[in-house]
Amino acid sequence: MNVPAPILEVDRLQVRKGGTLVLDIPSLRLEEGEILSLIGPNGAGKTTLLQALACLIKPSQGELFFKEKIVSSNHGLFQYRRKLAMVFQEPLLFDTTVFENVSSGLKIRGLKRAEIGKKVAENLERFGIPHLVHRSARKISGGEAQRVALARAFATQPEVLFLDEPFASLDPPTRESLIDDLERILRQTGTTTIFATHDRMEALRLSDRVAVMNRGRILQIGPPPEVMNQPLDEFVASFVGVETILTGRVSKKDKGSFLASVMGHEVEAVGEVELGETVVFCIRPENVTLSPSSPKGATSARNVFWGRITKIIPMGLFYKVQLDCGFPLVAYVTARSLEDLALVEGKEVAATFKATSIHVVQKKLVET
Amino acid sequence: MIICLIFIFPSLCGAQKSIILATTTSTQDSGLLDVLIPVFEKKTGYFVKTIAVGSGQAMAMGQKGEADVLLVHSPAAEKKFIAEGYGVNRRLVMHNDYIVVGPAEDPAKIKGMKVSTEAFKKIAGAGALFLSRGDNSGTHSKEKAIWKVSGIKPEGQKWYQETGLGMGQTLNVTSEKKGYTLADRGTYLALRKTLHLDILTKGDALLLNSYHVIEVNPAKWPKVNTTGAKAFVGFMVSKEAQEVTKTFGVDKFGSPLFFPDAGKKEEDLGK
Amino acid sequence: MDLILEGILKAFYLLVTFDSEVMKITLLSLQVSGSATLISLLIGISIGTMVALAEFPGRRFVVSLINTGMGLPPVVVGLFVTIFLWRNGPLGFLGVLYTPTAMIIAQAIIATPIVMGITLAAIQALPKNLRLQILALGATRFQMVWILVKEAKLPLLAGVMAGFGGVISEVGASIMVGGNIKGYSRVLTTATVMETSRGNFDIAIALGIILLLLAYFINLILTNIQQRERPR
């Protein structure tokens, strides 16, 4: 079977600013239709990577390939730029009407007025703002402005979409509704997207793969559960947070609580869900209790799983215990407990956590 | 956008058939040139660029070859100019006189005096405010000459102030400050309405103000428009120009501002 | 006091009767200062934008030069232009001294740094990422600069008004390089100086009033354009 060629590929990409190496990416592949998120602290190089991939800044060394063809300043740079779109944290709208803004990319490409009118209407509709068409860009709210920026980006039908923390300056309700809409649109259009964000939950929800960055390097890249549950090093672990993240399908529901099938095991959680719906569970290690045997007697915890300790990592005042219960699970124990329970790698223990302690993320997928 | 239409570049006037006439501000301010020049231009087709500066600067322009012909009234400096080979064909055109003016109160009591040097001595003696043009103009040179003859050194004295301004403005300053000054009759008459100054001393031979035209020497500066300069000089001493000069100012001021002298010798001049 | 009143009446009279001399002088003022402003617009906005967007060694030095140029004493400009345009000067062969062309040159030299400096500041004040956003929309270099200039049009218009204001009211350089020749290189400012030194105060005041009116109307038009686009 032929592996489809990546839509974007990078080889030994480096960017230097004033002599300092600020970006060092030996290789990166982006598949067509994929949504990749970049997470990392401020100054990690997320923006630099996005701008280098969009050819808005010139790398000090390295090569970029779009659909297997090389892109450089004297080689197809311009044609490549016209196939992508970028949205920044600030909407950066032009001082004119919403219509003029959304049509700017199309005007730049020299499209005819009729064409432009059609595409603008389409995209305003898509982002739920057709009523703003003749409004001045100065007279709309922050959320509306960001929608206009997105409509402007989509109007040119980009093959790759770059988003640099596009929701960061919005207030929570505005952000929520926009993420909802964007997620739906991205799935519908199948647009290859790379976006940078601070918010792990955003990355979790929207992306097919997550790349954790620090100091200009990608430390780990993979599907969200992999990166979040199996961080390769301390930094990644501390950045992604140490919850266990599991994906499951709702198998049974009953009065506000439900059961989801996670890798063959039934886990109970609380929330309003539909049968068959895919959910993501985040379980904080503080909420996982270990015991050498099944807890006897009634407890309010319904989730009791046997598992084998795969790794014990000292974390200063406590220990992090990684388990394999048929699905990965992480627990924290004090040094005292470690001793008392005689926990060692390879030992079998019972892990317990309350249904109410699970943070449920509903991953809304479009019916395919 | 309509506005832009007004901003058409004004066309370059025929630089070929033009001459640069360097003259003094008092000559221009009298208004005589406003009458004479158009006649000349119409007659010969030359375009005259009249640059009015002080006599000193006019002759400096001549020295640099930046003018074609001069019309000035600073005889001593003119003679030096000719002697140093910068000018040729110096011809007497007209004369008028200088007058000593001052406030009606006349604190130095020079009214009616007939000798300018005596009047100056009295002004110095009384320590009365005297305004000098201080700009190396013809008037300034004349003033310095009078001080010299009267044996007084006014520079640096408290009552002696130098304006560095043209004649008209110096008269205004003098009027405001109620001082004395030396002025040419023409400018004084033109401004008389707004000045609070009276003519106090006049008629002295020393106060004679003669005007000459001088061609800038083409030998020194080949770029000068010699033909044009010659035409101008010829015009200024012509009967036609002299007639205009004779009658200029009569209807406005009651007496002529200038007395035509073409053809006469300088020594023969007098009132 | 009545002198001013006389002046106002004289101004009214001259305007209403379309006094030919005054009309000629006024038209020339507009032509000379208008042309100079136009030149300063073209050079000032293009170079100002270039410097604002480019990175190059010595950029700070160039910026400080431009800022100094904004305060260039017009009289000094006049002096240097005269020396260059003299018959025996390096550009003497052009034969433009004591012509309106020389006045346009001098005024353009005075106005250009003003427009340049304000353009530089205006473009630099635009959001940092705006340039990248425009490039990401697929714009060519030229399209990008054009869009940026349009975005900065409010302060840019102010710059043009500053440039125009600076030269319509200029007198020192205009007299030096123009010669104040009647019907040829005499403009409102130089004529005012001359009439004052002649003692014709009423005419001088009248010319002054006409100059003020002219400057006011031009700026009224430009201000209208600018304020129409003002964020409310």
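Small disclaimer: the values here were computed from a predicted structure and weren't measured.

Asks: For this particular structure, what's the right way to read the overall build of chain B?
Replies: When helices and strands are tallied, chain B shows twelve helices and ten strands. Relative to a compact globule of 271 residues, whose C-alpha radius of gyration would be 18 Å, chain B shows 20 Å and is just as compact. Expressed along its principal axes, the backbone C-alpha trace of chain B runs to roughly 55 × 55 × 40 Å. Counting every position in chain B, which comprises 271 residues, the buried fraction comes to 48%. By sequence separation, contacts in chain B at least 24 residues apart represent 76% of the contacts at least 6 residues apart.

Asks: Where do I start with the arrangement of the chains in this structure?
Replies: Comparison of the two pairs of chains in contact shows the highest number of contacts for chains B and C. Separated without contact, chain A and chain B have their nearest C-alpha atoms at a distance of 21 Å.

Asks: In this structure, what is going on with the interface of chain C and chain B? I would like to understand it.
Replies: Where interface size is given, it is often the accessible area lost as the parts come together that is meant. Counting residues at the interface gives 24 residues for chain C, matched by 27 residues for chain B. When residues of the side of chain C that touches chain B are traced back to their parent elements, those giving at least two are α2 (20-53), α5 (100-124), α10 (188-198) and α11 (201-228) of chain C. It is α2 of chain C that contributes the most residues to the side of chain C that touches chain B, seven residues altogether. Its residues placed into classes, the side of chain C that touches chain B shows eleven nonpolar, ten polar and three charged.

Asks: It is not clear to me how the domain arrangement of chain A should be interpreted in this structure. Could you clarify?
Replies: All names here are of chain A. For chain A, the assigned domains are domain 1 (8-240) and domain 2 (244-362). In this structure, domain 1 and domain 2 have C-alpha centres spaced 35 Å apart. At the interface, eight residues of domain 1 touch seven residues of domain 2. Those elements giving two or more residues to the side of domain 1 that touches domain 2 turn out to be α7 (200-206) and α8 (224-229). Partitioned by chemical class, the residues of the side of domain 1 that touches domain 2 number five nonpolar, two polar and one charged.

Asks: Honestly, the sheet that holds strand β18 (residues 328-334) of chain A in this entry has me stumped. Any pointers?
Replies: Think of a sheet as strands paired side by side through backbone hydrogen bonds, with each pair either parallel or antiparallel. All names here are of chain A. Across the sheet, which stays open at both edges, the five strands sit in the order β15-β19-β16-β17-β18 with antiparallel pairing between neighbours. Of all the strands in the sheet, just β15 (289-291) and β18 have a single pairing partner and so form its edges. Adjacent strand axes in the sheet meet at a mean angle of 45 degrees, parallel and antiparallel pairs treated alike. With three bridges joining them, β15 and strand β19 (residues 348-353) adopt antiparallel strand pairing. Paired with T289 across the bridge in β19 is T352.

Asks: In this structure, what is going on with α10 of chain C? I would like to understand it.
Replies: Owing to its 3.6 residues per turn, the α-helix aligns residues three or four sequence positions apart on the same side. Along α10 of chain C, nine of the eleven residues are buried, which leaves the element largely enclosed by surrounding structure. Listed as buried for α10 of chain C are L188, T189, T190, A191, T192, M194, E195, S197 and R198 of chain C. Residues of α10 of chain C that are buried sit in contact with α2 (25-30), α8 (167-177) and α9 (185-191) of chain B together with α2, α9 (172-178) and α11 of chain C.

Asks: Is there a simple way to think about the packing of α10 of chain C against α11 of chain C in this case?
Replies: To characterise two packed helices, one gives the angle between the axes of the helices and the distance between these axes. Residue and element names in this part refer to chain C. At a minimum axis distance of 8 Å, the contact between α10 and α11 shows a crossing angle of 160 degrees. Comparing their axes, α11 and α10 come out roughly antiparallel. Note on packing geometry: the crossing formed by α10 with α11 is left-handed. Contacts between α10 and α11 involve L188, T189, A191, T192, E195 and T196 from the first element and F201, I203, A204, L207, G208, I210 and L211 from the second. Along the lines of polarity and charge, the residues of the contact of α10 with α11 split into eight nonpolar, four polar and one charged.

Asks: Looking at this structure, I do not really get the interface of chain A and chain C. What am I missing?
Replies: Contact residues are listed per partner, giving 19 residues for chain A and 13 residues for chain C. Those elements giving two or more residues to the side of chain A that touches chain C turn out to be β6 (84-87) and α3 (98-108) of chain A. Per-class residue counts for the side of chain A that touches chain C are nine nonpolar, four polar and six charged.

Asks: Quick question: what am I supposed to make of the nonpolar core here?
Replies: Considering soluble globular proteins, one finds that nonpolar side chains tend to be buried as a cluster. Among the nonpolar cores identified, the biggest contains 127 residues, and L21, V69 and L70 of chain B together with A106 of chain C are the most heavily contacted of them. Considering each element in turn, this core owes the most residues, 16 residues, to α5 of chain C. Looking at which domains feed residues into this core, each of domain 1 (18-95 + 210-268) and domain 2 (97-207) of chain B gives three or more. Not counting residues within four places of it along the chain, the set of residues in contact with A106 of chain C comprises V77, G78, V81, A173, S174 and V177 of chain C.

Asks: Sorry if this is basic, but what is going on with the sheet that holds strand β2 (residues 20-30) of chain A here?
Replies: All names here are of chain A. Overall, antiparallel pairing links the four strands, which are arranged β2-β1-β4-β5 in an open sheet. Two strands lie at the open edges of the sheet, namely β2 and β5 (69-71), each paired on one side alone. For this sheet, the mean angle separating the axes of adjacent strands, direction not counted, is 30 degrees. The pairing of strand β1 (residues 8-17) with β2 spans nine bridges and is classified as antiparallel. Each residue of the ladder has a partner; that of K17, found in β2, is T20.

Asks: Quick question: what am I supposed to make of helix α8 (residues 153-168) of chain C here?
Replies: Residue and element names in this part refer to chain C. For α8, which comprises 16 residues, the first-to-last C-alpha distance of 22 Å matches the rise-based estimate of 22 Å (1.5 Å per residue) to within 8%. Within the span of α8, buried status applies to L156, G159, V160, M161, G163, F164, G166, V167 and I168. Buried residues in α8 make contact with α2, α5, α7 (141-151) and α11.

Asks: Would you mind showing me how to read the pairing of strand β3 (residues 69-72) of chain B here?
Replies: Within a regular beta strand, the side chains point alternately toward one face of the sheet and then the other, so they alternate between its two faces. All names here are of chain B. Alternating residues of β3 divide into V69 and L71 and L70 and V72, and every residue in both groups is buried. As judged from the three bridges shared by strand β1 (residues 18-24) and β3, these two strands associate in the parallel manner. Looking at the pairing, T23 lines up with L71 of β3. Sheet topology places β3 next to strand β9 (residues 208-216); four bridges connect them, and they run antiparallel. Paired with V72 across the bridge in β9 is H212.

Each value, and the rule that gives it
Residues numbered from 1 in each chain as written. Chains lettered and ligands numbered in written order. Predicted model: local features only at pLDDT ≥ 70, side-chain atom pairs only at ≥ 80, totals over all residues. Helix = DSSP H or I, 4+ residues; strand = E, 2+ residues; numbered from the N terminus. Rg over C-alpha atoms; globule rule 2.2 N^0.38 Å. Buried ≥ 20, exposed ≤ 12 C-beta atoms within 10 Å, placed from the backbone. Contact = placed C-beta atoms within 7 Å. Nonpolar A, V, L, I, M, F, W, Y, C, P; charged D, E, K, R; others polar. Domains from an automatic or database assignment. Pairing = 2+ DSSP bridges. Axes fitted to C-alpha atoms, helices over the stretch in contact; angles between N-to-C directions. Parallel < 35°, antiparallel > 145°, perpendicular 65-115°, else oblique. Left-handed = near helix turned anticlockwise from the far one by under 90°. Core = buried A, V, L, I, M, F, W, Y, C linked by C-beta atoms within 7 Å. Expected span 1.5 Å × (residues − 1).

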